[in-house]
Amino acid sequence: MRYLTAGESHGKQLTTIVEGVPSQMPLLSKNINESLVRRQKGYGRGKRMQIEKDLVDIAGGVRHGYTLGSPIAMVVKNDDFKHWEDIMGEDPIEPEKDIRRKVTRPRPGHADLNGALKYGHRDMRNILERSSARETAARVAAGAVAKTLLHHLGVEIVGYVKEIAGINAKQTNHSMEEKKTISEESPVRCLDEEAGEKMMQAIDQAKKDGDSIGGVCEVYVEGMPAGIGSYVHYDRKLDGKIAGAVQSINAFKGVEFGIGFEAARRNGSEVHDEIAWDEANGYYRKSNRLGGFEGGMTTGMPIIVKGVMKPIPTLYKPLQSVDIDSKEVFNASIERSDACAVPAAAVVMEHVVAFEVANALLEQFPHDQFPKLQQAIHTYREEIRCF
């Protein structure tokens, strides 16, 4: 599978095209809408979430509730575009008119200046409109298709928050269904209620201070068979692909699997997972400190991946910048923003991981027709159990 997204933050719509989805897979608009709604929730979100009510329009690739095998086209309309049509419309403006809301002051921490230097734009709205995290709605739509595929293959996935502003959630032993339920009920998507309350207090304080805070998201994947991915080339390692996808999310600055960077501070005997076997399950690991991966391939244990999100750089007490036209020092301009977007980012991360995991299965097994894919994976599970 592969996907492309198009659209700007305040443009008409966001468009996602997903190519390579098997035919005959059940897919409904509600499968995607549920994910889009989840992305918009979360304590600390700004006013944009009150304006946009993201709903998908499946414009191609699905008929009567089933995929056709052709590209799936999805559209998410921007309800706020009516207020931005003269600013973001595609038609030329009259020569005597000035461009409204032109941006010449790059904001620290954003793509503004680097993008202007690369593409030669004197109005950096051409950069910020596309580099905005609004684009993640289109990626969530693609990931929702992947999540639907995974669900029908017996693979479940959930994203939640592990840390905000240095406040850490305690380790829990909840089941997959419990993780899903508790994270949905928590305003900050935290599995630890006590830590969640403290996280909300920290968000309130940041908002009061005109500042922003970041945190750590975790995605948990259950049901993946062992041996998915490959060790034979660097670009076929599944953990590497997942790491790249997570790092590509707006404001993400680090990725780790299992105990991650903690492995650097432990002895090998405290890091690696011992192998065991029984007739019912086949091979398994007695622990999962490596987060479900060895040699770029799945071990059959749950995939556990964390992503670090920096504080959002759009601040209500803005940092200094330099106007690219006058070269004068100014306080950076303010766009609508969140005090903390970590809870929403956990949903985005869940969906980009889902896409990479689903794609790895499609790369390994015949997948033109979904029923044949299901049969191939079932046969493989039996083969490796009895290996």
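Residues numbered from 1 in each chain as written. Predicted model: local features only at pLDDT ≥ 70, side-chain atom pairs only at ≥ 80, totals over all residues. Heavy atoms only, no water.

A. Quick peek at the packing of helix α1 (residues 29–40) against helix α6 (residues 136–152). For the pair α1 and α6, interaxial distance at closest approach is 9 Å and the crossing angle is 135 degrees. Classified by the angle between their axes, α1 and α6 sit oblique to one another. The handedness of the crossing between α1 and α6 comes out as right-handed. Residue-level inspection shows Asn 31, Ile 32, Ser 35, Leu 36, Arg 38 and Arg 39 of α1 in contact with α6, the latter providing Thr 136, Ala 137, Val 140, Ala 141, Ala 144, Val 145, Lys 147 and Thr 148. (Axes fitted to C-alpha atoms, helices over the stretch in contact; angles between N-to-C directions. Helix = DSSP H or I, 4+ residues; strand = E, 2+ residues; numbered from the N terminus. Parallel < 35°, antiparallel > 145°, perpendicular 65-115°, else oblique. Left-handed = near helix turned anticlockwise from the far one by under 90°. Contact = heavy atoms within 4.5 Å.)

B. Here's a closer look at the pattern of salt bridges. Under the defined criterion, the tally for this structure stands at 24 salt bridges. One salt bridge in this structure joins Asp 54 and Arg 39, with 3.6 Å as the shortest N-O distance. Here Asp 54 is found in the loop between α2 (48–51) and β3 (56–60), whereas its partner Arg 39 is found in helix α1, with 15 residues between them in sequence. Both residues of the pair, Asp 54 and Arg 39, count as buried. One salt bridge connects Glu 194 with Lys 170, and the closest N-O pair in it is separated by 4.0 Å. Taken as a pair, Glu 194 in helix α8 (residues 193–209) and Lys 170 in the loop between β8 (167–168) and α7 (176–185) lie far apart in primary sequence, 24 residues in all. Here Glu 194 falls in the partly exposed class, since its relative accessible area comes to 47%. By relative accessible area, which is 56% here, Lys 170 ends up exposed. Look at the salt bridges and you will find they share partners, linking Arg 38, Lys 147, Glu 184, Arg 189 and Glu 350 into a network. (Salt bridge = Lys/Arg side-chain N within 4 Å of Asp/Glu carboxyl O. Buried < 20%, exposed > 50% of the residue type's maximum accessible area, 1.4 Å probe, protein only.)

C. Up close: the side chain of Ser 23. With respect to the helices, strands and loops of the structure, Ser 23 is situated in the loop between β2 (13–19) and α1. Residues within four places of Ser 23 in sequence aside, it is in contact with Thr 67, Leu 68, Gly 69, Asp 368, Gln 369, Phe 370 and Pro 371.

D. Molecular detail of the sheet that holds strand β7 (residues 156–164). Taken in spatial order, the five strands line up as β8-β7-β9-β15-β10 in an open sheet, and their pairing is antiparallel. The two strands at the open ends of the sheet, each matched to only one other strand, are β8 and β10 (252–257). Direction of pairing for β7 relative to β8: antiparallel, over a ladder of two bridges. Its bridge partner being in β8, Ile 164 is matched across the sheet by Ile 167. Strand contacts of helix α10 (residues 342–364): β7, β9 (215–222), β10 and β15 (303–309), with the helix running at about 145 degrees to β7, the strand carrying the most contacts. (Pairing = 2+ DSSP bridges.)

E. Representation of the nonpolar core. Ranked by size, the top nonpolar core spans 80 residues in total, and within it Ile 32, Met 74, Ile 164, Met 224, Ile 242, Met 349 and Val 353 carry the most contacts. Those residues in contact with Ile 32 that lie beyond four places of it in its chain are Leu 27, Val 56, Ile 58, Met 74, Ala 141, Ala 144 and Val 145. (Core = buried A, V, L, I, M, F, W, Y, C linked by side-chain atoms within 4.5 Å.)

F. Quick look at unusual backbone geometry. At His 64, a residue that is not glycine, the phi angle is positive and equals roughly 55 degrees. The residue His 64 is located in the loop between β4 (62–63) and β5 (66–67) in this model. Phi is positive for Ala 251, close to 75 degrees, though the residue is something other than glycine. Within the secondary structure, Ala 251 sits in the loop between α9 (238–247) and β10.

G. Expanded view of the sheet that holds β2. Across the sheet, four strands lie side by side as β1-β2-β6-β3; this open sheet has antiparallel pairing. With one partner strand each, in any of the chains shown, β1 (2–6) and β3 form the two edges of the open sheet. With direction set aside, neighbouring strand axes in the sheet form an average angle of 20 degrees. With six bridges connecting them, β2 and strand β6 (residues 72–77) associate as antiparallel partners. Within β6, the residue paired with Ile 17 across the bridge is Ala 73. Each of β1, β2 and β6 is contacted by α6, which is oriented at about 30 degrees to β2, the strand it contacts most.

H. Highlighting helix α11 (residues 370–385). Here α11 spans 23 Å end to end across 16 residues, near enough to the 22 Å set by a 1.5 Å rise per residue. Of the positions making up α11, those classed as buried are Phe 370, Leu 373, Ala 376, Ile 377 and Tyr 380. All buried residues of α11 fall inside an arc of 115 degrees around its axis, so they share one side. (Expected span 1.5 Å × (residues − 1). Arc of directions from axis to C-beta.)

I. Spatial organisation of the packing of aromatic side chains. Overall, the coordinates contain three aromatic pairs when judged by the stated rule. A centroid spacing of 5.4 Å and a plane angle of 80 degrees characterise the contact between Phe 257 and Phe 293, whose relative ring orientation is edge-to-face. Of this pair, Phe 257 sits in strand β10 while Phe 293 sits in strand β13 (residues 293–294); the two residues are 36 residues apart in sequence, bridging distant segments of the chain. In this structure, Phe 257 and Phe 293 share a single accessibility class: buried. Considering the side-chain rings of Phe 365 and Tyr 380, the 5.3 Å spacing of their centres and the 65 degrees angle between planes classify their relative orientation as edge-to-face. Placement of Phe 365 in the loop between α10 and α11 and of Tyr 380 in helix α11 is noted, with a sequence separation of 15 residues between them. Each of the two residues, Phe 365 as well as Tyr 380, counts as buried. The side chain of Arg 105 reaches across the aromatic face of Phe 330, ending 3.6 Å from its centre. (Phe/Tyr/Trp six-rings, centres within 6.5 Å; stacked < 30°, edge-to-face > 60°. Lys NZ or Arg CZ within 6 Å of the ring centre and 35° of its normal.)

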